Amino acid sequence: MNYTCIFFGCLFIAMGVIFAFGKGHIHLKAWKNMPQKEKDKIDILPLCRNIGDVIMLNGILFLTKGMWLGFHDHWFMCAMVAWFIVAGLDVWYISKGHRYDHP
């Protein structure tokens, strides 16, 4: 067992759940400093759910690495590269798409 990966897996899953329920963004300094006019343009709950899912996926990878001895370092590295690609595509989708614009 790799207790460091288990710790980070649990931490990422917990933070992902907090974001998925729409409670994480209120603690971000960037959100607190954003003018209300800008906040009103964003449909924050679906955006938080999206970000929470991506964070939880990372937590699942870390938890799997920590608890399953068959998940060797090279497979973990490949999974993390795939996660970075998925997260990057998600950020691109968020920035280019208008799904999270408030009507």
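The shown structure was predicted, so the numbers you read here are calculated from the model rather than taken from an experiment. (Residues numbered from 1 in each chain as written. Predicted model: local features only at pLDDT ≥ 70, side-chain atom pairs only at ≥ 80, totals over all residues. Heavy atoms only, no water.)

Given a rise of 1.5 Å per residue, 24 residues ought to cover 34 Å, and the 34 Å separating the end C-alpha atoms of helix α5 (residues 73–96) matches this to within 8%. Of the residues making up α5, those classed as buried are Phe76, Ala79, Met80, Trp83, Ala87 and Asp90. Along its buried surface, α5 packs onto α4 (44–67). (Helix = DSSP H or I, 4+ residues; strand = E, 2+ residues; numbered from the N terminus. Expected span 1.5 Å × (residues − 1). Buried < 20%, exposed > 50% of the residue type's maximum accessible area, 1.4 Å probe, protein only. Contact = heavy atoms within 4.5 Å.)

Time to look at the side chain of lysine 65. One can find lysine 65 in helix α4. A polar atom in the side chain of lysine 65 sits 2.7 Å from the side chain of aspartate 73. Look past the residues within four positions of lysine 65 in its chain and what remains in contact with it is Cys5, Phe71, His72, Asp73 and Phe76. (Polar contact = N/O pair within 3.5 Å; in protein donor to acceptor, adjacent residues only side chain to side chain.)

The calculated volume of the largest pocket comes to roughly 240 Å³. Lining the largest pocket are 13 residues, with His25, Leu28, Trp31, Ile44 and Leu47 sitting closest to its centre. Elements with a contribution of two residues or more to the lining of the largest pocket: α2 (29–33) and α4. Among the elements that make up the lining of the largest pocket, the one with the highest residue count is α4 (five residues). (1 Å grid on protein atoms, 1.4 Å probe; cavity = no way out; pocket = protein on both sides within 12 Å on 5 of 7 lines; lining within 4 Å. Points joined across faces, edges and corners; volume = space filled by probe spheres on them.)

Turning our attention to the packing of helix α1 (residues 3–20) against α4. Running from N to C, α1 and α4 cross one another at 165°; their axes reach a closest spacing of 7 Å. With respect to α4, the axis of α1 lies roughly antiparallel. By crossing handedness, the relation of α1 to α4 is classed as left-handed. Grouping the amino acids of the contact of α1 with α4 by side-chain chemistry returns 18 nonpolar, six polar and two charged. (Axes fitted to C-alpha atoms, helices over the stretch in contact; angles between N-to-C directions. Parallel < 35°, antiparallel > 145°, perpendicular 65-115°, else oblique. Left-handed = near helix turned anticlockwise from the far one by under 90°. Nonpolar A, V, L, I, M, F, W, Y, C, P; charged D, E, K, R; others polar.)

With that settled, the discussion passes to the pattern of salt bridges. For the coordinates displayed, the defined rule picks out two salt bridges. Linking glutamate 38 and lysine 41 is a salt bridge whose minimum nitrogen-to-oxygen distance equals 3.4 Å. For lysine 41, a relative accessible area of 43% puts it in the partly exposed group. Aspartate 73 is the salt-bridge partner of lysine 65, the closest N and O atoms lying 2.7 Å from each other. Here lysine 65 falls in the buried class, since its relative accessible area comes to 15%. Of the residues examined, aspartate 73 reaches a relative accessible area of 53% and is grouped as exposed. (Salt bridge = Lys/Arg side-chain N within 4 Å of Asp/Glu carboxyl O.)

Right, let's get into the packing of aromatic side chains. What the rule picks out here adds up to eight aromatic pairs. For the ring pair phenylalanine 12 and phenylalanine 62, a centre distance of 5.6 Å and an interplane angle of 35° mean the geometry is tilted. A residue pair is termed long-range when its members are at least 10 positions apart, and phenylalanine 12 in helix α1 and phenylalanine 62 in helix α4 qualify at 50 residues. With a relative accessible area of 26%, phenylalanine 12 lands in the partly exposed category. Seen from their ring centres, phenylalanine 71 and phenylalanine 76 are 6.1 Å apart, and the 85° between their planes marks the pair as edge-to-face. An aromatic cluster is defined as three or more aromatic residues linked by ring pairs; in this entry it consists of Phe7, Phe8, Phe12, Phe62, Trp68, Phe71 and Phe76. (Phe/Tyr/Trp six-rings, centres within 6.5 Å; stacked < 30°, edge-to-face > 60°.)

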